[in-house]
Amino acid sequence: MPIRRAVPRPVLEYWGAELERWLSEFRRVSVIFVRLPALEDLDLPRVSLLERAVATAHDVMRQYGGTVYQLLMDEKGLALVLGFGLPGQSHEDDAERALRAALDLRALLARLDLTPNVGVASGTVFCSLLSTQVRRAYTLLGAPMNQAARLMQRAQAEVLCDETSASAVGEGRGLLFEHASQAADGDGALRPQLTPGHIHLSRAARSSEQLFGRVTPAARPTGALTQLAASRKRRSAGSEGE
């Protein structure tokens with residue numbers, strides 16, 4: 001398998017344009033944590049089921065314009081982490097996309113008898129390449145990551161979201177929210193659901209290029225930076241000549 005298949009899309013786009021130094025930034029994102037309790041005791045048959053679950057997540061993310069960020073196993077169990085708003089895939093309605101993707105993914109995984117617990121949160125995170133001499137990882141750090149993980153832990157075969165995500169969805173968009181019971185730590189949670197006859201995001205609207213006429217973040221600054229570098233070289237040559 002080519003190594004680039006395992007590299008996150010934001011890293012590929014910036015690296016290809018020699019802009020990797022600009023990968024460290026604060027971004028507004030929506031993140032989805034999906035716990036898969038049925039797959040936490042992995043044996044050979046469940047490994048095949050895990051592959052189907054991950055492939056399903058990739059399909060849903062492609063449909064809604066998001067990114068599969070991580071598959072991890074920690075004290076919270078086996079979880080998929082998905083993101084909206086990363087470089088190259090940023091949209092004005094990322095919170096709505098995340099909520100719809102979470103609902104679709106929960107329904108699709110339920111058909112595989114996986115009964116996932118899903119948490120969705122939105123806000124500002126710090127995105128960066130964290131690295132040593134032997135390993136580099138594209139990392140998201142911030143309160144929304146912790147909030148989505150807590151909501152995932154509270155969820156019972158359902159989707160729970162924070163108020164920030166819910167408030168970002170305009171009226172008449174086919175999503176309703178009901179309050180879930182408040183946690184002991186005071187965290188509020190809302191339970192999103194689709195209204196009858198809800199409107200799906202069209203395939204055209206799921207493409208940032210078609211919706212906003214955008215180019216990738218890497219493509220836009222490359223020319224300007226190239227011109228800046230050339231200008232500096234000319235000034236430097238002129239100074240030396242004097």
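The structure contained in this document is the topic of the report that follows. Keep in mind it's a predicted model, so treat the numbers as computed, not measured. (Residues numbered from 1 in each chain as written. Predicted model: local features only at pLDDT ≥ 70, side-chain atom pairs only at ≥ 80, totals over all residues. Heavy atoms only, no water.)

Regarding the overall build of the protein chain
Alright, step 1. When helices and strands are counted, the protein chain shows seven helices and eight strands.
Alright, step 2. Long-range pairs, those at least 24 residues apart, make up 69% of the contacts in the protein chain with a sequence separation of at least 6.
Alright, step 3. Summed over all atoms, the accessible surface of the protein chain reaches about 13,400 Å², with 51% contributed by carbon and sulfur. (Helix = DSSP H or I, 4+ residues; strand = E, 2+ residues; numbered from the N terminus. Contact = heavy atoms within 4.5 Å. Areas by Shrake-Rupley, 256 points an atom, 1.4 Å probe, with all protein chains shown as cover.)

With respect to unusual backbone geometry
Alright, step 1. With a phi close to 60°, Asp-113 is a non-glycine residue in the positive phi region.
Alright, step 2. Positionally, Asp-113 belongs in the loop between α3 (94-111) and β4 (117-131).
Alright, step 3. Look at Asp-113 and you get exposed, because its relative accessible area is 63%. (Buried < 20%, exposed > 50% of the residue type's maximum accessible area, 1.4 Å probe, protein only.)

So, a nonpolar patch on the surface
Alright, step 1. Residues Leu-42, Leu-44 and Val-47 make up a contiguous nonpolar surface patch of roughly 280 Å² in combined accessible area.
Alright, step 2. By the element assignment, Leu-42 lies in the loop between β1 (25-35) and α2 (44-64). (Patch = residues over 30% accessible without salt bridge, like charges linked within 9 Å, V, L, I, M, F, W, Y side chains within 5 Å. Salt bridge = Lys/Arg side-chain N within 4 Å of Asp/Glu carboxyl O.)

Considering the side chain of Asp-162
Alright, step 1. If you trace the backbone, Asp-162 turns up in the loop between β6 (159-161) and α5 (163-167).
Alright, step 2. Nearest to the buried, unbridged Asp-162 among oppositely charged side chains is Arg-28, at 7.4 Å.
Alright, step 3. Setting aside its immediate chain neighbours within four residues, Asp-162 contacts Val-120, Ala-121, Ser-122, Gln-147, Leu-151 and Leu-190. (Lys, Arg positive; Asp, Glu negative; His and termini not counted.)

Details of the nonpolar core
Alright, step 1. Core analysis: the biggest nonpolar cluster contains 33 residues, and Ile-32, Val-34, Leu-82 and Val-120 have the highest contact counts within it.
Alright, step 2. Look past the residues within four positions of Ile-32 in its chain and what remains in contact with it is Met-61, Leu-80, Val-81, Leu-82, Phe-84, Ala-98, Ala-101, Ala-102, Val-118, Gly-119 and Val-120.
Alright, step 3. If you look at the next biggest cluster of nonpolar residues, it comprises 18 residues, including Leu-86, Val-125, Leu-140 and Ala-149. (Core = buried A, V, L, I, M, F, W, Y, C linked by side-chain atoms within 4.5 Å.)

Looking at the pairing of β1
Alright, step 1. By the criterion of burial, β1 is predominantly enclosed, with nine of the 11 residues buried.
Alright, step 2. Both β1 and β4 contribute to a ladder of 11 bridges, which runs antiparallel. Its bridge partner being in β4, Glu-25 is matched across the sheet by Cys-127.
Alright, step 3. Looking at chain direction, β1 and strand β3 (residues 77-84) are connected through six bridges and run antiparallel. Counted as the bridge partner of Ile-32 is Leu-82 from β3. (Pairing = 2+ DSSP bridges.)

Digging into the pattern of salt bridges
Alright, step 1. Taken as a whole and assessed by the stated rule, the structure comprises seven salt bridges.
Alright, step 2. Residue Asp-93 is joined to Arg-97 by a salt bridge in which the shortest nitrogen-to-oxygen separation is 2.7 Å. Accessibility classification places Asp-93 together with Arg-97 in one group, the buried group.
Alright, step 3. With a shortest N-O distance of 2.6 Å, Arg-191 and Glu-158 are connected by a salt bridge. Placement of the pair is Arg-191 in strand β8 (residues 190-194) and Glu-158 in the loop between α4 (143-154) and β6, with a sequence separation of 33 residues.
Alright, step 4. Owing to a relative accessible area of 16%, Glu-158 belongs among the buried residues under this scheme.

A look at the environment of His-179
Alright, step 1. Examined against the element boundaries, His-179 turns out to sit in strand β7 (residues 175-179).
Alright, step 2. The exposure class of His-179 is exposed, given its relative accessible area of 62%.
Alright, step 3. In sequence terms His-179 and Ala-189 are 10 residues apart; their C-alpha atoms lie 6.2 Å from each other.
Alright, step 4. If we skip the residues at most four places from it in the chain, His-179 touches Glu-163, Ala-189, Leu-190 and Arg-191.

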